[in-house]
Amino acid sequence: MSLPDDARELARSYDLVPYESLPISETHPANLAVQGILFGMAPADPERCRVLELGCAAGGNLIPMAYRLPGSEFLGIELSASQAAAGTALIDRLGLGNARIERADILDLGDLGRFDYVIAHGLYSWTPAAVREKLLALCGEVLSPHGIAYVSYNTLPGWRERAMLRDMLLYGVREAVGPEERLALACATLDRLDTALRDETDPAASRLSGEIARLRVKHPSYLYHEYLAEVNEPVLFSTFMSQAAAHGLQYLCEVELHTMFADSLGKAGAALIDRFDDLLEQEQYMDFLRRRTFCQTLLCRDERALARELDLERFRDCAFYARLLPREPVVHDGGQAHGTLDGGTCLVRHPLTRAALAVLAEGYPDAVDFGTLAREARHRAAGAPSAGETDHLLGELVGLYLRQFTGLRMAPERFARPRADRPRATALALAQADAGLGHLATVRHMPLGLDAFAVRLVTYLDGSRTRAELVDRMTGDIVEGRLSVGAPLPDEEALRRAVAENCGHLLAEFARHGVLADPR
């Protein structure tokens, strides 16, 4: 079937500028299942489920899930022919019989059967109104009785500040022909605006400068499709939910659970929210007060009875994981700053909680059941935990989970950490490195960024080389000009030491993140 003009143009834009296709941890069935269970649902076992991803790009999110969940079935729908083909090629290379990507217009989809999880990331706000309507209609049609749909979208009124910069960039590229020129002129416009705003002290100018700085570190495809695309329609949360309700769907929760609680808004903000009895009205006003720009909303069928109050005791039988590391060795004012690898920071005061985070960091990516974690933490803190201390620890860990500093599973998980003399990357890691994606999907379904050195190292991890031989190979590549390190070369012995140190660090990280395979 031929595509209508608006769909053809949209597909062409993604063929010319493919969207960076990454694993999105929030969409993993295990994460969606946990949130459903916390609100009283009985979602499908992530190890044996059916997953539909709408707008799956090149499968950067869908394929790693299919690789690590062989007992589940995955279907991706993608409008861009080039991205669908790239994803299919990776599926074929990996020999995944439980995944496929179909090139199709959402408007033309027929009966797809039932799915336990539906994912639509980066689709709703960036497509025409008819597609947005069809997206929600599909969710209503295909969700199983305890199914969960994840939909992300830009939100009003918070996105209006970003829309101001979008308007400026669209003006700057108005005479551009083709995506390369549009991107070049957009970057030039950002440069001019940044220079002009440098000495401004007005709060609005400062926010605009901050948005420009944020864009500078984003992938070019984000700039192109978020700020230069023909369609970008932010909506009020209440508008989105009205449209969802028309298709038999109800609000489950936000992926960022902490945004559903008013206590972080201050006394006056919390007092305003308390005036409303209706949950959706509360959520809408919290969006107003937070000036939220982006939502990741979970939906379920409207006949599902949900437990709206999060019971702390539900978390006692859960397993936690985290890699939250102390920023400084010295504790100040009864607290210690801890940070994530992506720059997030939180203050942890209680010594038992700090000990628990140390246990989780050392065991990452394992998920440790709360009882074991409490005992291990107290052992480090030199004493048996009292009931009160254990309850306090649970409360703090749950608070960290709500703010996405810790992860949660309904059962413990333990991952192998291969320490083979001849390291071997997983088939998925080798395929991603060969494809030049610039990242690997970790066992926790997060992107692990790679520089040129790391990419080259991964391609050599086929299990045929010792660690010393890997260092020899990498050193030779640099000396003979096959690999540029972007810095003056020291003498060969110093270079070899630096290469050995870097290889050792990377191999340890690869093992920790689950991208090394068990020895054969």
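Basis of the calculations
- Residues numbered from 1 in each chain as written.
- Predicted model: local features only at pLDDT ≥ 70, side-chain atom pairs only at ≥ 80, totals over all residues.
- Heavy atoms only, no water.
- Phe/Tyr/Trp six-rings, centres within 6.5 Å; stacked < 30°, edge-to-face > 60°.
- Helix = DSSP H or I, 4+ residues; strand = E, 2+ residues; numbered from the N terminus.
- Buried < 20%, exposed > 50% of the residue type's maximum accessible area, 1.4 Å probe, protein only.
- Salt bridge = Lys/Arg side-chain N within 4 Å of Asp/Glu carboxyl O.
- Domains from an automatic or database assignment.
- Contact = heavy atoms within 4.5 Å.
- Buried area = accessible area lost by both parts, 1.4 Å probe.
- Polar contact = N/O pair within 3.5 Å; in protein donor to acceptor, adjacent residues only side chain to side chain.
- Nonpolar A, V, L, I, M, F, W, Y, C, P; charged D, E, K, R; others polar.

**Here we look at the packing of aromatic side chains**
Line of reasoning, step 1. Inspection of every chain in the model, using the stated rule, returns 10 aromatic pairs.
Line of reasoning, step 2. Between Tyr 124 and Phe 240, the aromatic rings sit 5.2 Å apart at their centres with planes inclined by 85 degrees, giving edge-to-face as the arrangement. One end of the pair, Tyr 124, is in the loop between strand E4 (115-120) and helix H5 (129-142); the other, Phe 240, is in helix H10 (residues 237-245), and 116 residues separate them in sequence.
Line of reasoning, step 3. With a relative accessible area of 0%, Tyr 124 lands in the buried category.
Line of reasoning, step 4. Seen in terms of ring centroids, Phe 276 and Tyr 285 are 4.5 Å apart; in terms of plane orientation they differ by 20 degrees. Their pairing is stacked.
Line of reasoning, step 5. According to the relative accessible area criterion, Phe 276 is buried, its value standing at 18%.
Line of reasoning, step 6. The exposure class of Tyr 285 is partly exposed, given its relative accessible area of 27%.
Line of reasoning, step 7. Every member of this aromatic cluster is reached through a ring pair, and the members are Tyr 124, Tyr 153 and Phe 240.

**Some thoughts on the pattern of salt bridges**
Line of reasoning, step 1. Applying the stated criterion across every chain, the model contains 26 salt bridges.
Line of reasoning, step 2. The salt bridge involving Glu 509 is made with Arg 323; its shortest N-O contact spans 3.1 Å. Residue Glu 509 is located in helix H19 (residues 492-512), and its partner Arg 323 is located in the loop between strand E9 (319-321) and strand E10 (325-326); the two are separated by 186 residues in the primary sequence. Here the two residues Glu 509 and Arg 323 agree in accessibility, since each one is buried.
Line of reasoning, step 3. Among the salt bridges present, the one from Arg 465 reaches Asp 462, with a minimum N-O distance of 3.3 Å.

**Describing the domain arrangement of the chain**
Line of reasoning, step 1. Splitting the chain by domain gives domain 1 (5-154 + 234-301), domain 2 (158-228), domain 3 (318-409) and domain 4 (427-513).
Line of reasoning, step 2. One C-alpha centre belongs to domain 1, the other to domain 4; they are set 34 Å apart.
Line of reasoning, step 3. Across the contact, 16 residues belong to domain 1 and 14 residues belong to domain 4.
Line of reasoning, step 4. Here domain 1 packs against domain 4, burying approximately 1,200 Å² in sum over the two surfaces, 67% of which is carbon and sulfur.
Line of reasoning, step 5. Joining domain 1 to domain 4, the criterion identifies one salt bridge.
Line of reasoning, step 6. In this structure, the salt-bridge partner of Arg 93 is Asp 434, at a minimum N-O distance of 2.8 Å.
Line of reasoning, step 7. Put simply, domain 1 and domain 4 have six residue pairs in polar contact (both at pLDDT 80 or more) between them.
Line of reasoning, step 8. Within the residue set of the side of domain 1 that touches domain 4, elements represented by two or more residues are helix H3 (62-68) and helix H4 (81-94).
Line of reasoning, step 9. Per-element tally for the side of domain 1 that touches domain 4: the top contributor is H3, with five residues.
Line of reasoning, step 10. Partitioned by chemical class, the residues of the side of domain 1 that touches domain 4 number nine nonpolar, five polar and two charged.

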